[in-house]
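Chain by chain, the residues run as shown.
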Amino acid sequence: RRLGAQLKHDLSVPPGQLGEFLDRANNVCSEVLKEVTINAFGHLGDGNVHYNLSPPLGQGDFSSLDHELSIKLSRLATIMGGSFAAEHGLGRSKTALADCLRDPVERNFMERVKKALDVEMQLNPGVLVSSKNAGE
């Protein structure tokens, strides 16, 4: 953290593909930003990895790359049969990623289930489905 703000990702892939995922993810990050510091750790036995990135030495703020890196890493995890919302779920911060990367049929189903359980959409607004999709 002394290097600057981190970009944090909560990803998962099938455990047998974790090594390949880490190699490919490292390449993706290096293509976007040379000398990015990668700190991957977590529940590796079940395929969950906290994939945190710190800026290269001397470059404090690289938050402008957050969206690009998140999309690329999330897409890679998804292609490899994993998820960009591993142990912490979608919450509020990943609903836009879900809207972008998940099948519209899946997202519609999630919205319909949420509305069925929370008719007035008062429970955790903006969680799982974005407010604009939930009709708020």
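Look above for the structure.
Residues numbered from 1 in each chain as written. Predicted model: local features only at pLDDT ≥ 70, side-chain atom pairs only at ≥ 80, totals over all residues. Heavy atoms only, no water.

S.K.: Provide a residue-level description of the pattern of salt bridges, including the pertinent values.
M.R.: Overall, the coordinates contain 6 salt bridges when judged by the stated rule. K72 is the partner of E68 in a salt bridge, and the nearest nitrogen-oxygen pair spans 3.3 Å. Of the two residues, E68 and K72 are both situated in helix α2 (residues 66-79); the distance of 4 residues between them amounts to about one turn of the helix. Exposure remark for E68: the relative accessible area of 33% places this residue in the partly exposed category. Note that D118 is salt-bridged to K114, the shortest N-O span being 3.6 Å. The class for D118 is buried, based on a relative accessible area of 8%. K114 gets classed as buried once you look at its relative accessible area, which sits at 12%. (Salt bridge = Lys/Arg side-chain N within 4 Å of Asp/Glu carboxyl O. Helix = DSSP H or I, 4+ residues; strand = E, 2+ residues; numbered from the N terminus. Buried < 20%, exposed > 50% of the residue type's maximum accessible area, 1.4 Å probe, protein only.)

S.K.: Can you break down helix α1 (residues 18-32) residue by residue, with the values?
M.R.: For α1, with 15 residues, the first-to-last C-alpha span of 21 Å sits near the 21 Å given by 1.5 Å per residue. Where α1 is concerned, the buried positions are L18, F21, A25, V28, C29 and V32. Summarising the axial view, the buried residues of α1 lie within an arc of 95°, below the 170-degree limit, and thus occupy one face. Of the residues in α1, the exposed ones pointing more than 90 degrees away from the buried face are D23 and E31. Contacts from the buried residues of α1 go to β1 (10-12), β2 (37-41), β3 (48-54) and α2. (Expected span 1.5 Å × (residues − 1). Arc of directions from axis to C-beta. Contact = heavy atoms within 4.5 Å.)

S.K.: Before we move on, can you summarise the environment of G45 with the specific residues and values?
M.R.: Here G45 lies in the loop between β2 and β3. Taking relative accessible area as the criterion, G45 reaches 72% and is therefore assigned exposed. Spatially, the C-alpha atoms of G45 and D66 are 27 Å apart, while their sequence positions differ by 21 residues.

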